[in-house]
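# Close look at the chain arrangement
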Amino acid sequence: MTLSNHASDDAPTSSMKAVYTADPGTVQVRDVPRPVVGPEDVLIRVRACGICGTDLGFVAAGGMQYVDQPIALGHEPAGEVVEVGTHVVDVKVGDHVVVNPMSAPSGINGNGGQLGALREFLLNENAHVDRDLAIIPDSLPFWVAALNEPMAVAKHLVNRAAPRASESAVVFGAGPIGLGAAIWLKLAGVAHVVVVDVVRGRLDKALDIGADAVIDSSIEDVTARLSELHGEGTNAIGMPRPATDMYLDAAGAPSVLQTAIASAKWGARLVMAGVHKQPELIDTGLMMIAELTFSASMGYPTEIFEVTADLVAHQDRFAKLVSHRIDFGDVEGAITLAGTPGATDKVVITFDE
């Protein structure tokens, strides 16, 4: 990983720093013009921004396919309003806010959009409360508020599983999305939640945030342990299976789908949010004899601000997902660290903390 500072000789006085992809494995911190606020807009001083696996993928590739230009990075911001357009009536200077990166008129923040949130100031265009941004209490630290977007992803994964309080669930993958899903399952009253991973530290954290049990799949038989933890059920033809109701994939590993399908009892649900980079072979016969419901989860069609009040109410619990807070001045080191397998949980960039 290398980093370079990019600024043109005629850069305007009113400039700011923003992070972009460069050559594969590198990032640039560029001097760019500070945004001009229109009558419907809000300017946010970014105070914290999480690093997502999507950002790391763009850095590794040096951009994204079909886009022959640097990609602005960052889509998990929290910040403070510093300027408000003349037509904006429900936001004021000094408000602390989180942002819906999917609502930017000029394109999603980060992920190939014109504006990324790993920058000192972010323009929230045509800003409306509860559509484009949400106001948060000053008591919520910005570095915790930056979890709002990934926790919306985790909440949508759980919503797709349609949990009921009497049920049992297993979450594969103890990264931020998997751990967030475990928290949402427990907040929904799910009776027993198991988290599966191969990293001991992540499994310990899963117990710390409220999971009822963990399984180290590198040394334990997942199906056998689920039967011990959840009891035995059967599939549609009477074959013994764990009585687990829900399987949530936040790992994206081929073995996860194979294990879930082979373990599923009659009427179980499997929801996939982990990104599988290659097509997977799955046993449709086993799915049939379990009458397994298999669905996918992506993003947060409605959840982006539905999660905010719970993030505030349970901030101590969600804060445990953040393993590293690193100043914007060392964004290179932060991205390198975040991309090191097993070295971190959630890395959040802070600005002048």
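Residues numbered from 1 in each chain as written. Predicted model: local features only at pLDDT ≥ 70, side-chain atom pairs only at ≥ 80, totals over all residues. Heavy atoms only, no water.

### Considering the overall build of the protein chain
When its secondary structure is counted, the protein chain shows eleven helices and 18 strands. Taken over the C-alpha atoms alone, the protein chain extends approximately 75 × 40 × 30 Å along its principal axes. Across the 353 residues that make up the protein chain, the buried fraction comes to 52%. The long-range fraction of contacts in the protein chain, counting pairs at least 24 apart against all pairs at least 6 apart in sequence, stands at 66%. Here the protein chain contributes 24 positively and 44 negatively charged side chains, and the mean placements of these two sets differ by 4 Å. (Helix = DSSP H or I, 4+ residues; strand = E, 2+ residues; numbered from the N terminus. Buried < 20%, exposed > 50% of the residue type's maximum accessible area, 1.4 Å probe, protein only. Contact = heavy atoms within 4.5 Å. Lys, Arg positive; Asp, Glu negative; His and termini not counted. Charge placed at Lys NZ, Arg CZ, Asp CG, Glu CD.)

### A word on the sheet that holds strand β14 (residues 246–249)
Spatial ordering of the open sheet is given by β11-β10-β9-β14-β15-β16, a layout of six strands whose pairing is parallel. In the strand order of this sheet, the two ends are held by β11 (213–216) and β16 (293–296), each with one partner. Neighbour-to-neighbour, the strand axes of the sheet open up by a mean angle of 20°, direction not taken into account. Inspection of the sheet shows strand β9 (residues 168–172) paired to strand β10 (residues 192–197) by five bridges, in the parallel sense. Residue pairing for β10: Val170 is matched across the bridge by Val194. Against the sheet, helix α4 (residues 176–187) contacts β9, β10 and β14, and its axis sits at roughly 175° relative to β10. (Pairing = 2+ DSSP bridges. Axes fitted to C-alpha atoms, helices over the stretch in contact; angles between N-to-C directions.)

### Here we look at the pattern of salt bridges
Applying the stated criterion across every chain yields a total of 16 salt bridges. In this structure, Arg202 engages Asp345 in a salt bridge whose closest nitrogen and oxygen atoms are separated by 3.5 Å. Note that Arg202 is positioned in helix α5 (residues 200–208) and Asp345 in the loop between α11 (331–338) and β18 (346–350), a separation of 143 residues in sequence. Here the two residues Arg202 and Asp345 agree in accessibility, since each one is buried. Residue Asp208 is joined to Lys320 by a salt bridge in which the shortest nitrogen-to-oxygen separation is 3.4 Å. Here Asp208 is found in helix α5, whereas its partner Lys320 is found in the loop between α10 (315–319) and β17 (322–327), with 112 residues between them in sequence. Residue class for Asp208 comes out partly exposed when judged on its relative accessible area of 45%. The network of salt bridges with shared partners includes Arg164, Glu167 and Arg269. (Salt bridge = Lys/Arg side-chain N within 4 Å of Asp/Glu carboxyl O.)

### A look at the packing of aromatic side chains
Scanning all chains against the criterion turns up two aromatic pairs. Between the aromatic rings of Phe328 and Phe351, the centroid separation amounts to 4.6 Å while the plane-to-plane angle is 20°, which identifies the pairing as stacked. Taken together, the positions of Phe328 in the loop between β17 and α11 and Phe351 in the segment after β18 put the pair 23 residues apart, joining distant regions of the chain. Residue classification places Phe351 among the buried positions, given a relative accessible area of 5%. Sitting over the ring of Trp143, Arg325 keeps its end group 4.1 Å from the ring centre. (Phe/Tyr/Trp six-rings, centres within 6.5 Å; stacked < 30°, edge-to-face > 60°. Lys NZ or Arg CZ within 6 Å of the ring centre and 35° of its normal.)

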